Amino acid sequence: MSSLLQQLLNGLSLGSAYALIAVGYSLVYSILLFSNFAHGGFLVIGGYICYYSLTKMGLGLLPAALLSLAGAGMSAVLTERIAYRPIRRRGALTLYLLIASMGMSIVIENFWVIAVGGRFRAIPPVIPTSPISVFGTTVSSFDLIVLAVALSLLLGLELFLRRTRWGLAIRASSYDVRTAALMGVDTDRLVAIVFFVAGALASVSGIFLAVRYTLYPQLGFITIKAFVAAVVGGLGSLPGAVLGSYLLGVLEMLVAGFISSQVRDIVVFLLLVVTLLVRPQGLLGRRLEEKV
Amino acid sequence: MWLSILLLSLLAGQACAETVVKIGYLAGLTGDLAAYGQAEVNGAKLAVEEINAKGLIPGVKVELVPYDFRSKPEDAVIAVRKMIEQDKVVAIVGANVSAANIATAPLVNKAGVIQIGTATTNPLVTVDEKGQTRPYSFRMAFIDPYQGKVIAHYLFKKLGVKRAAVLYDVASDYSQGLRQFFTEEFKKLGGEVVADLGFRGGVDVDFRAQLTEIAKANPQAVMLPNIGKDLALAVKQARELGMKDTIFMGGDGYGEFMWEIAGPALEGTYWVTHVAFDDPEIQPLFARYREVFKDEPKEYGNIVLAYDAVMLLAQAMKEAGSTEPAKIKEAMEKGTFKLLHATIKFDEQHNPKDKDAVIILCKDGAGRFHERFRPVD
């Protein structure tokens, strides 16, 4: 019984990492209606900035983290400016945005391979990982920290969306970008802000993942799972993304522990397929005609 | 008149020319194997430098042609094909993982080009599924049936472990093989394997689900037939889950870079390897490594195996008096080669005969030589 609790806790920790990624992903989708495959790249950028801040610049964890958030956010804005805005301007199909995002994801990954080499790096153990006893099982303090940070950031995001003007603009645009523009929202500014937030959130996840699993240019691949989580929860819905992420994290851990690790990925992608067949808007999403 | 001058200079050029023979190096320079791959290529470079400087092969200069197979067997096949067809190598050293060499074996044997694996330990590297020795495949290391036996005997007899668990990589020939040989031998000795769980190497980085189940079965030791990063993450996560007193032992997948990832979690773990760091014969090589590459020879096993493999080829070429792969191969099968870390004589399966296993114990921040070990039945 305690192993079930243990797996649940493992799942919540993993789900937190997914949630930070999935939320940014869903946010971009809700405005621009395309899946940004380069999202994983922001994660990696955040990880590397943190690594170099800690090692080469000798900064503490908090300044390094803030630098990563800012850096990843800026690179997200830059990606949008370089790759997506020209396409948006021309009013082209969102499919082209998707293709451009695939290209950007390869560019970002290989930029790091060339710049710093494909070897993985270990981030100095700045986040404590000592085991703590909780309800009779042992959990790493790292997991609790991830959970706490993720929930606070998600709460912060929710407050931003509900209480600020730009938050209002974002929510309005998620219904219809063009009408929001007609109402006086500066769309370009809006998109930049959304990308910045998405990039920053992804970089937090990137830091946690890098500390836990080492840092390497292909770390962004985990975004695929976050993508599944976002779709299952409802693409475009932020609470959906969070719900989907925790669900997925727990599911993965339970399957890997009680059945087998090989079956785990099958189950995850089966869940995606079933969702798309049975309830394509996900658990909490709205029905939309075109999903790219 | 100009024609005769041209002719004379050509002839003069020919008289001074030596044969340049190319040796390919198959290394994982990016991906999970990057630490080992880069070390190996450096070791090989030192060997080639020495061969050319001292003229160890009369009338022949060696050129090293390294290729990166990105830690994936599919890319190893592509790299080897290029080496054979474009660079026209006479021999290939590497890789250090069995999956790559098993994948490239049909290719090199068909083309008649020698391939020597460094730390490749799965039997299928030199012997095919029907039990026939592959004519052009060789290796520098002992094989997994032997290695599995070493671990089983060491755990059972030396460390008194009766209940063990295994966490293995389902996607790796090496891991599956080593797990099988360990389990068979451990059960034969009277031990019990209380948990046996898998993960997908190269993809999975989180083993907490499996480790939770393993901890539930309460083993005295966990056997880890995996490589590098997976080992470090597994041990680190296991300690985080509270497995403080469990013994961890694995095979030659250990690398010093694991300390960067796992840190103090590695203290008290045991590993099998091919080369003893404190061996006085090898120290000059390490000194040269530090001088040339301005770096510590961390993956020393890989460096020495790579260096010795290239030296072995050189000695074989000298004995054969030829740079033709067929003749070199014959010389390799017949000869005895005195190398830095061991004297190698190949048996009928192209595996080195009678090699000791070296046991490493992780203590005070590094993997320390613990003892040499040979399982006794």
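Parameters and conventions
Residues numbered from 1 in each chain as written. Chains lettered and ligands numbered in written order. Predicted model: local features only at pLDDT ≥ 70, side-chain atom pairs only at ≥ 80, totals over all residues. Helix = DSSP H or I, 4+ residues; strand = E, 2+ residues; numbered from the N terminus. Rg over C-alpha atoms; globule rule 2.2 N^0.38 Å. Buried ≥ 20, exposed ≤ 12 C-beta atoms within 10 Å, placed from the backbone. Contact = placed C-beta atoms within 7 Å. Nonpolar A, V, L, I, M, F, W, Y, C, P; charged D, E, K, R; others polar. Pairing = 2+ DSSP bridges. Core = buried A, V, L, I, M, F, W, Y, C linked by C-beta atoms within 7 Å. Domains from an automatic or database assignment.

Visitor: Summarise the overall build of chain A; cite the residues concerned and give the values.
Guide: Helix and strand counts for chain A stand at eleven helices and two strands. Taken from N to C terminus, the helices and strands of chain A fall in the order α-α-α-α-β-β-α-α-α-α-α-α-α. In terms of C-alpha radius of gyration, chain A reaches 19 Å, essentially the compact-globule figure of 19 Å for 292 residues. Along the first, second and third principal axes, the C-alpha atoms of chain A reach 55 × 50 × 35 Å. Counting across all 292 residues of chain A, residues that qualify as buried make up 51%. Taking as baseline every contact in chain A between residues at least 6 positions apart, the subset at least 24 positions apart corresponds to 76%.

Visitor: Go over the interface of chain B and chain A with me, naming the residues and quoting the values.
Guide: Think of interface size as the accessible area that goes away when the parts come together; that is how it is often given. Contacts between the two partners involve 26 residues from chain B, matched on the other side by 23 residues from chain A. A total of six residues in the side of chain B that touches chain A trace back to one element, the largest contributor, which is helix α7 (residues 208-216) of chain B. The residue inventory of the side of chain B that touches chain A, partitioned by class, reads ten nonpolar, seven polar and nine charged.

Visitor: So what's going on with the pairing of strand β1 (residues 131-134) of chain A? Which residues, and what values?
Guide: Residues and elements named next belong to chain A. Alignment of β1 against strand β2 (residues 137-140), held across four bridges, turns out to be antiparallel. The partner of S133 across the bridge, within β2, is T138. Following β1, the chain reverses through two residues before pairing antiparallel with β2; F135 in that reversal takes a positive phi of roughly 45 degrees.

Visitor: Break down unusual backbone geometry for me, citing the residues and quoting the values.
Guide: Where the residue is not glycine, phi is negative for most of them; where a peptide bond is considered, it is trans in most cases. Omega for the peptide link from G94(B) to A95(B) comes to 5 degrees, which places this bond in the cis form. Relative to the assigned elements, A95(B) resides in the loop between β3 (91-93) and α4 (98-111). The phi dihedral of L33(A) falls on the positive side, at around 60 degrees, and the residue is not glycine. Checked against the element boundaries, L33(A) lands in the loop between α1 (2-32) and α2 (39-55). C-beta crowding within 10 Å serves as the criterion here: with 17 such atoms nearby, L33(A) is assigned to the partly exposed category.

Visitor: Can you tell me about the nonpolar core, naming the residues and giving the values?
Guide: In this structure, V23(A), L26(B), L167(B) and V310(B) are the most contacted members of the largest nonpolar core, which totals 219 residues. The greatest single-element share of this core, amounting to 17 residues, is contributed by helix α8 (residues 187-213) of chain A. For this core, the domains that each give at least three residues are domain 1 (17-142 + 279-345) and domain 2 (145-273 + 357-373) of chain B. Discounting residues that sit within four places of it in the chain, V23(A) has contacts with L154(A), L157(A), L201(A), L238(A), A241(A) and V242(A).

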